[in-house]
Amino acid sequence: MLDFVLFGIFPYVAIILAFAVGIYRYFNDRISYSSFSSQFLEKNTLFWGSVPWHYGILAILLAHLLALIFPSAWMIVPDHLYVLEVSGLALALFTLVGLGLLLLRRLDNARVFRVTSVMDWILVATLLVQVDMGFMVALFYRWGSQWYLYTAVPYLVSLLSFDPQIQYIVTLPWLVKLHIIGGFVIIALFPFTRLMHLVTFPFSYLWRPYQVVIWNRSRQSKRSK
Ligand code: HEM
C-alpha cells in the first residue's frame, strides 16, 4: 500500500501541483520569483559554484532523459560501460562541488544569508540530498545506466501512460527508491521555489538590443562602498 501511494499516486500529485501552481504563479505572481538575484551582493563564489552546478546537473539530467527516450541506444557494449559510469560519477562530483559552494556562499556571506528565504534553504538541502543519493546509487549499485533501462524506464513509461506499473521498482533497494521519490519531491517543489526560473529563462536576451549600463556614482564613492 505504502509503495502504491509513493510510486503510483505521489508522482501524479507532484506533477499536478507543479503545473497548477506554476501556471497560477506565472500569470499572477511573476515578480516574486525572478527578482531576488544575489549577484550584486557576491559574485566570485557564485561563479565558481553556479558554473559546475549548472553544467553538471544539466548533463546528468539529460543522460537520465535520453536513457528514458532512447533505451535501446543506451544498451551498450561492456567496454563503453566503464566510460559511461565513470563519466556519470565524475559529473556527479563536479555537480556536488558546485552545489556545496553555493550552499557555503549562502551560509558564509552575511548579506547573501539575509536574502535567503526558507524556500531557498529547503530547495538547496533537497537538491543536495538528491544529488548525494544519485552519486551513492551510482557508486554502490553498479551499472545503474543499464538496470535503469529495465526498471525505472518501464516504470516511468507506465506513469506517462496513466497505468502505473510499480512492480518494476518496488523490489529495488531503498536508496534507489528514495532517489526516485526525491525526483518527484523536486517536481512538487518546483512552483514554490527559485526553480521557476527554468520557465522564465530570458531567451529573448538572444535577440533583444544591447542594454548599456552606466553607473551613476563617482569612482570615489564606489571605492568607499
Ligand atoms: C524519477 C526520477 C529519477 C530516476 C528514476 C533516477 C535514477 C537514477 C539512477 C538509476 C542512477 C544511477 C546511474 C548510474 O549508476 O550510472 C542515478 C544517478 C544519479 N541521479 Fe538520478 N534519477 C532520477 C531523478 C534525478 C534527479 C531529479 C536528480 C537531480 C536533481 C538526479 C541526480 C542524479 C545524480 C547526480 C546521479 C549520479 C550521476 C550518474 O551516475 O548519472 N536524479 N539516477
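Preceding this paragraph is the structure being described.
Below is a summary of the structure that appears in this document. These numbers were taken from a predicted model, which means no experiment stands behind them.

## Details of the site of the ligand
Here is step 1 of the chain: Among the 22 residues in the neighbourhood of the ligand, the closest are listed as His64, Gln130, Ala138, Gly144 and His179.
Here is step 2 of the chain: Between an oxygen atom of the ligand and a main-chain N or O atom of Gly144, the distance comes to 3.3 Å.
Here is step 3 of the chain: In this structure, a nitrogen atom belonging to the ligand sits 2.8 Å away from a side-chain N or O atom of His179.
Here is step 4 of the chain: Of all elements in the fold, only helix H3 (44-69), helix H5 (78-108), helix H7 (118-140), helix H8 (144-150) and helix H10 (174-189) reach the threshold of two or more residues within the shell around the ligand.
Here is step 5 of the chain: Top contributing element to the shell around the ligand by residue count: H7, with 6 residues.
Here is step 6 of the chain: For the shell around the ligand, the residue count by class is 13 nonpolar, 8 polar and 1 charged.

## Here we look at the packing of helix H1 (residues 2-28) against helix H9 (residues 152-160)
Here is step 1 of the chain: In the contact formed by H1 and H9, the axes pass within 11 Å of each other and the chain directions differ by 55°. Comparing the axis directions of H1 and H9 gives the class oblique. Here H1 and H9 pass one another in a crossing that is right-handed. Of the residues in H9, those in contact with Phe7, Pro11 and Tyr12 of H1 are Tyr155, Ser158 and Leu159.
Here is step 2 of the chain: Split by residue class, the contact of H1 with H9 holds 5 nonpolar, 1 polar and no charged.

The rules behind the values
- Think of each chain on its own: its residues are numbered from 1, step by step along the sequence as written.
- The model is predicted, so local features are restricted to residues of pLDDT at least 70 and side-chain atom pairs to those at 80 or more, both for listing and for counting; the totals for chains, interfaces and linings are taken over all residues.
- The side-chain numbers reported here are obtained from all heavy atoms of the structure, hydrogens and water having been left aside.
- The near set for a molecule or strand comprises every residue that places at least one heavy atom within 4 Å of it.
- Any pair of N or O atoms that falls within 3.5 Å is considered a polar contact. Within protein, one atom must be able to donate a hydrogen and the other to accept it, and sequence-neighbouring residues count only if both atoms are side-chain atoms.
- A run of H or I in DSSP counts as a helix once it spans at least four residues, and a run of E counts as a strand once it spans at least two, with each numbered from the N terminus.
- Under the grouping applied here, Gly and all other residues not named as nonpolar or charged are polar, the nonpolar ones being Ala, Val, Leu, Ile, Met, Phe, Trp, Tyr, Cys and Pro and the charged ones Asp, Glu, Lys and Arg.
- A fitted line through C-alpha atoms serves as each axis, taken over the contacting stretch for helices, and the angle formed by two N-to-C directions is quoted from 0 to 180°.
- Roughly parallel means an angle under 35 degrees; roughly antiparallel means over 145; roughly perpendicular covers 65 to 115; every other angle is labelled oblique.
- Two helices that cross are described as forming a left-handed crossing if the nearer one is turned anticlockwise from the farther one by less than a right angle, and a right-handed crossing if clockwise.
- Contacts are assigned to residue pairs that have any heavy atoms within 4.5 Å of one another.

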